[in-house]
Amino acid sequence: MIPVGDPVKRPRISVVFLLFAGALSLSACTREEPSTATAIHGITVIDAVNGIRDHQIVVFDGDRIISVADVGEDTPPAGTVIDGRGRFLIPGLWDMHVHLTYDDDFTPSMPAMFLYYGVTSVRDTGGLLHELEPVIEAMRKPGAHAPRVWFSGPLLDGRLVVYDGDSRPEIGIANPDPRTARETVDVLVADGVDFIKIYELVEPPVFDALATAARDHDLPIAAHVPLSMMAARVGPRVDSMEHLRNVELACAENAAELHEARRSAMADYEPGSGFELRASLHSLQRVPAIARYDAARCDTVLQSLRHTIQVPTLRLNALPLVAPFTRDDWLPALDLLPRAPRDALSAVTVERLDSPDDDVDTAFAEWSLKLVGDMNARHVPIAAGTDTPIGFAIPGYSLHSELEMLVRAGLSPLEALGAATSVPPGFFSLDDEMGAIEPGMRADLVMLTANPLDDISNTRRIELVVHRGRVKRRDELARHLARAANPPQGASP
């Protein structure tokens, strides 16, 4: 019998124990940690850069796509696998023309609404900085349930301001002279804007000062064609043009005559409403210019725009042709809104349906569709934007309406998809990070239950959204939206 305290045997027992413990420790160190990646297996991938690819495995980890491969090929390990069979994967959608602070009743719910409809990136094209900054800060917080956002700050207008807070919400500021224009851009740069937005009442010297200052700071430029200028001069100096605004004059056979009359009217205008001045000139000249359309002249104008992104906002321009409240899904979309805009739009919907306007002029709507078709045929880049929440626009929902209008104008479904995915990143020189489903790209994705190339309206058939690598099923997106649209009383937006 070996004594319990035998000094000879105790060391042997300790050695065996230590060897066993060491083996366990080594095993734990060499065991692979569970993968944090997610794989979507067996899906059809569609993007405007690569076209359509069937039976794919898409793997992303965090905010990056790390692999896109045929089913059966080796792929990185994934801790989560999503069955994508019978489904279609597109890049996250962009809305290139929104106003987050235009309507206070919409603002708190807009981020969640965009994501619910698969819009993972937005470009805010006009708002006062003190109103925009807290909204942008909240949207950019780590983990925020909000799309990526880029912003311009206020509309940079001229001596008079269209959106001056009087007849319209205040989202513009005056730049009466070149010195003020340069100082304005310096202030905006210091406040961190991502681009600038030049508006319609600036004079040519002010436009030149704004454009030069922006280039000095490497800022992209969005613009309406100023009323005092011609599209062929403005287009090559900016990175995007909005709404097709004032292009109709440049395409008229009597463009010089119309432009001279416009310049005279602006010079003679007594100090008053910038909005009324702009509205009067559009009313006087838009349809007459379209009536004098000159195809050869317009072709020259479009050639000058070959490197300028056009954001036509067709769903707004063509409202007389396609009223949103006639769609079958309009009322269900209204039900998702906060109470105030829901009630307001519901009332207008009833009014319009009960008393349709049969005498509405559709000339500009029809011309807008034709012009976008001509632009596309001449390889002018086109991006999707809505002007949300202006003109019956529901955040997110209306982006899909814009895609439908682009197809109606002559774009193929794949080209329309590119207008909301592959074209927008180019405005910010982000082509190597966004817009396609490839390794190294950002993990913003939308999974659909039907093929958008068969019918572009299938972009509405969303099953889940991947944003910054976070997967959100539609029911989860709906819960986020319900909380944002109907916050508890006393809760912060």
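Look a little higher up for the structure.
On a predicted model such as this, the values are computed, not experimentally measured, just so you know.

Reading the values: the criteria
- Residue numbers here run from 1 along each chain, matching the order of that chain's written sequence.
- In keeping with the model being predicted, local features are shown solely for residues with a pLDDT of at least 70 and side-chain atom pairs are shown and tallied solely at 80 or more, while totals for entire chains, interfaces and linings include all residues.
- No hydrogens and no water enter the side-chain calculation; it runs on all heavy atoms of the structure.
- Helix and strand definitions follow DSSP, with helices as H or I runs of at least four residues and strands as E runs of at least two, each counted in order from the N terminus.
- The buried label applies to any residue whose accessible area, calculated with a 1.4 Å probe on protein chains only, is under 20% of its type's maximum; exposed applies above 50%, and partly exposed to all values in between.
- In what follows, a contact means two residues having at least one pair of non-hydrogen atoms within 4.5 Å.
- Working definition of accessibility: Shrake-Rupley area with a 1.4 Å probe, residue cover restricted to the visible protein chains.
- Only four residue types enter the tally: Lys and Arg on the positive side, Asp and Glu on the negative side; His and the chain ends are excluded.
- For this purpose, a charge sits on NZ of Lys, CZ of Arg, CG of Asp or CD of Glu.
- Following DSSP output, two strands are said to pair if at least two bridges run between them.
- Structural elements are reduced to axes, namely lines fitted to C-alpha atoms, with helices fitted over the stretch in contact, and the angle between N-to-C directions of any two is expressed from 0 to 180 degrees.
- Any pair of cysteine sulfurs within 2.5 Å is marked as a disulfide.
- Both site types are read off a 1 Å grid over the protein atoms alone. A 1.4 Å probe that fits but cannot get out defines a cavity, while an open set with protein on both sides within 12 Å along at least five of seven lines defines a pocket; lining residues have an atom within 4 Å of a point.
- Grid points are joined across faces, edges and corners, and a volume is the space filled by probe spheres set on the points.
- Each residue receives one of three labels: charged for Asp, Glu, Lys and Arg, nonpolar for Ala, Val, Leu, Ile, Met, Phe, Trp, Tyr, Cys and Pro, and polar for the others, Gly being one of them.
- Like-charged residues within 9 Å of one another, or nonpolar side chains (Val, Leu, Ile, Met, Phe, Trp, Tyr) within 5 Å, are grouped into patches, provided each residue has over 30% relative accessible area and no salt bridge.
- Within this document, salt bridges are pairs made up of a side-chain nitrogen of Lys or Arg and a carboxyl oxygen of Asp or Glu, the two lying within 4 Å of each other.
- Residues grouped as a nonpolar core are buried Ala, Val, Leu, Ile, Met, Phe, Trp, Tyr and Cys residues, joined through side-chain atoms within 4.5 Å.
- Put simply, angles under 35 degrees are roughly parallel, angles over 145 are roughly antiparallel, angles from 65 to 115 are roughly perpendicular, and the rest are oblique.

What to know about the overall build of the protein chain
Right, on to step 1. The helix and strand tally for the protein chain stands at 18 helices and 17 strands.
Right, on to step 2. Seen through its principal axes, the protein chain has C-alpha atoms that stretch 120 × 50 × 50 Å.
Right, on to step 3. In the protein chain, which comprises 493 residues, the share counted as buried stands at 54%.
Right, on to step 4. Across the protein chain, contacts joining residues at least 24 apart in sequence account for 74% of those joining residues at least 6 apart.
Right, on to step 5. Approximately 21,500 Å² of the protein chain is accessible, and the part contributed by carbon and sulfur atoms is 52%.
Right, on to step 6. Taking the 46 positively charged and 70 negatively charged side chains of the protein chain as two groups, their mean positions are separated by 6 Å.

So, the side chain of S228
Right, on to step 1. The topology assignment puts S228 in the loop between β12 (221-223) and α6 (231-234).
Right, on to step 2. Residue S228 is classed as buried on the basis of its relative accessible area of 3%.
Right, on to step 3. What S228 contacts, discounting residues up to four positions off in sequence, is V202, E203, P204, H259, R263 and M266.

Remarks on the sheet that holds strand β7 (residues 119-124)
Right, on to step 1. Spatially, β6-β7-β8 is the arrangement adopted by the 3 strands of the open sheet, whose pairing is parallel. Of all the strands in the sheet, the pair left with one neighbour each is β6 (93-98) and β8 (148-151). Ignoring strand direction, the axes of neighbouring strands in this sheet form an average angle of 15 degrees.
Right, on to step 2. Where β7 lies against β8, 4 bridges are found, and the strand directions are parallel. Across the sheet, residue R123 finds its bridge partner in β8, namely W150.
Right, on to step 3. Lying on the sheet, helix α3 (residues 129-139) is in contact with β7 and β8; it crosses β8 at an angle near 160 degrees.

Regarding the state of the cysteines
Right, on to step 1. Scanning the model with the defined rule gives 1 disulfide in all.
Right, on to step 2. Between C251 and C298 runs a disulfide, and the two sulfur atoms are separated by 2.1 Å. Its S-S torsion of approximately 55 degrees makes the covalent link between C251 and C298 right-handed. In this pair, C251 sits in the loop between α7 (247-250) and α8 (255-268) while C298 sits in helix α10 (residues 295-303), placing the two residues 47 residues apart along the sequence.
Right, on to step 3. Classification of C298 by relative accessible area gives buried; the value is 1%.

Thoughts on empty space enclosed by the protein
Right, on to step 1. Following the criterion strictly, the structure yields 2 cavities of 30 Å³ or more and no others.
Right, on to step 2. Put simply, the largest cavity is a space of about 80 Å³.
Right, on to step 3. Lining the largest cavity are 13 residues, and of these P91, G92, M434, G435 and D444 sit closest to its centre.
Right, on to step 4. Space inside the second largest cavity adds up to approximately 50 Å³.
Right, on to step 5. As for the second largest cavity, its lining consists of L115, H145, V465, H467, R470, K472 and L477.
Right, on to step 6. Of all elements in the fold, only β16 (462-467) and β17 (470-473) reach the threshold of two or more residues within the lining of the second largest cavity.
Right, on to step 7. Looking at the lining of the second largest cavity residue by residue, the class counts come to 3 nonpolar, 2 polar and 2 charged.

Examining a negative patch on the surface
Right, on to step 1. A cluster of acidic residues, D104, D105, E131 and E170, forms a negative patch on the protein surface.
Right, on to step 2. In this fold, E170 is placed in the loop between β9 (155-156) and β10 (172-173).
Right, on to step 3. Residue classification places E170 among the partly exposed positions, given a relative accessible area of 41%.

A few points about the nonpolar core
Right, on to step 1. Of all hydrophobic cores here, the largest spans 99 residues; its most connected members are L100, I196, L210, I394 and L406.
Right, on to step 2. The contact partners of I394, leaving out residues within four places of it in the chain, are M113, W330, A333, L334, L337, L345 and T388.
Right, on to step 3. Core analysis: the second largest hydrophobic core is formed by 17 residues, I40, F60, I437 and L445 among them.

Section: the sheet that holds β9
What holds strands together in a sheet is hydrogen bonding between their backbones, with the strands either parallel or antiparallel.
Right, on to step 1. The strand order across the open sheet built from 6 strands is β10-β9-β11-β12-β13-β14, with neighbouring strands paired in parallel fashion. Each edge of the open sheet carries a strand with a single partner, namely β10 and β14 (309-311).
Right, on to step 2. Both β12 and strand β13 (residues 240-242) contribute to a ladder of 2 bridges, which runs parallel. In the sheet register, A223 faces β13, and the bridge partner there is M241.

Some remarks on the packing of helix α14 (residues 363-377) against helix α15 (residues 397-409)
Right, on to step 1. One can describe the packing of α14 onto α15 by two numbers: an axis separation of 8 Å at closest approach and a directional angle of 75 degrees. One way to sum up the angle between α14 and α15 is to call them roughly perpendicular. Residues L369, V372 and G373 of α14 form the contact with α15, whose own contacting residues are M405, L406, R408 and A409.
Right, on to step 2. A class-by-class count of the residues in the contact of α14 with α15 yields 5 nonpolar, 1 polar and 1 charged.

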